[in-house]
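Chains, contacts and geometry: an overview
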Amino acid sequence: FELDDAQLKQRQVVHIDITKYYDGTQDGDGEAVASPLTADEEYDERHDPTKLVSKKAGIGPLKENWATTQKPIMCVYKLVTFNFKWWGVQSKVESFLISYQISLFAKSHRLMYTYIDEWYDLKIRDIRRLEAEFSARTNVLLGGGTDEEAEAAAVKAGEEAMAAAADDDDDDDDDDD
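Residues numbered from 1 in each chain as written. Predicted model: local features only at pLDDT ≥ 70, side-chain atom pairs only at ≥ 80, totals over all residues. Heavy atoms only, no water.

Looking at the overall build of the chain
Scanning the chain from N- to C-terminus turns up six helices and two strands. Traced from its N-terminal end to its C-terminal end, the chain shows the element sequence α-β-β-α-α-α-α-α. Taken along the three principal axes of its C-alpha coordinates, the chain extends 60 × 45 × 40 Å. Within the chain, the fraction of its 177 residues that count as buried is 20%. Within the chain, counting contacts between residues at least 6 apart in sequence, those at least 24 apart form 51% of the total. Summed over all atoms, the accessible surface of the chain reaches about 13,400 Å², with 53% contributed by carbon and sulfur. Considering the chain, the positive charge centre built from 20 side chains and the negative charge centre built from 39 side chains are found 8 Å apart. (Helix = DSSP H or I, 4+ residues; strand = E, 2+ residues; numbered from the N terminus. Buried < 20%, exposed > 50% of the residue type's maximum accessible area, 1.4 Å probe, protein only. Contact = heavy atoms within 4.5 Å. Areas by Shrake-Rupley, 256 points an atom, 1.4 Å probe, with all protein chains shown as cover. Lys, Arg positive; Asp, Glu negative; His and termini not counted. Charge placed at Lys NZ, Arg CZ, Asp CG, Glu CD.)

Some details on unusual backbone geometry
In this model, G60 is joined to P61 through a cis peptide bond whose omega is -10 degrees. Structurally, P61 is set in the loop between β2 (32-36) and α2 (66-69). Here the bond from K71 into P72 is cis, since omega is -10 degrees, no more than 30 degrees from zero. Its place among the elements puts P72 in the loop between α2 and α3 (90-114). Here the phi dihedral of E2 falls at roughly 55 degrees; this positive angle occurs in a residue that is not glycine. Tracing the chain through its elements places E2 in the segment before α1 (5-10).

Description of the environment of G158
Inspection of the secondary structure puts G158 in helix α6 (residues 147-175). With relative accessibility at 2%, the residue G158 sits in the buried group. Separated by 67 residues in the primary sequence, G158 and S91 place their C-alpha atoms 43 Å from one another. With near-sequence residues (within four places) excluded, G158 lies in contact with R129 and E133.

With respect to the pattern of salt bridges
Counted under the stated rule, the structure contains eight salt bridges. Note that R137 and E151 form a salt bridge whose closest N and O atoms lie 3.1 Å from each other. Taken together, the residues span a long stretch of sequence, with R137 in helix α5 (residues 124-142) and E151 in helix α6 at a distance of 14 residues. (Salt bridge = Lys/Arg side-chain N within 4 Å of Asp/Glu carboxyl O.)

Considerations on the confidence of the model for the chain
Per-residue confidence for the chain averages 88 on the pLDDT scale, and 94% of its residues sit at or above 70. Here strand β1 (residues 20-26) stands out as the element of the chain with the lowest mean pLDDT, 83, in contrast to α5, whose mean of 95 is the highest. (pLDDT = per-residue confidence, 0-100.)

Details of the packing of aromatic side chains
The full count for this structure, using the stated rule, is one aromatic pair. Positioned above the aromatic ring of F105 is the side chain of K78, whose terminal nitrogen or guanidinium carbon lies 4.9 Å from the ring centre. (Phe/Tyr/Trp six-rings, centres within 6.5 Å; stacked < 30°, edge-to-face > 60°. Lys NZ or Arg CZ within 6 Å of the ring centre and 35° of its normal.)

As structure tokens, this is what we get:
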């Protein structure tokens, strides 16, 4: 991330366990407090990595201390910075935002893991199509459009992404000659 010495000194490394629930609370040292996943009032067994067995990837369920026993594992490094300059509340707001990010990262990565059978076999062109559809749908809805307009934009964007991928494939075929 190319941090300078001052940033490295401020850096806080947080290890997030996707089998745990983070509600945004912190201990006395400012560390995120992890609870059993079932403590989440939105708990859904379908999104519990300790229950998932992936048929396609051949992984799961994650057991206690999975990060030291599971092979292979994936590490994700993210750099999140907040700079809230308002005297008197700066540290409280920054602390709250960091706690929220930890909770958000844990939940989104847990969902990504538990939906593995939905995306495991996707090719890069399929992922690009999904990205284009999602982006188009979101842009329409954020712009005040209707669900129908958003769906139409998503379909069009998906078709365009697939056409672009087909063109890329044709270009790759030409390179082989």
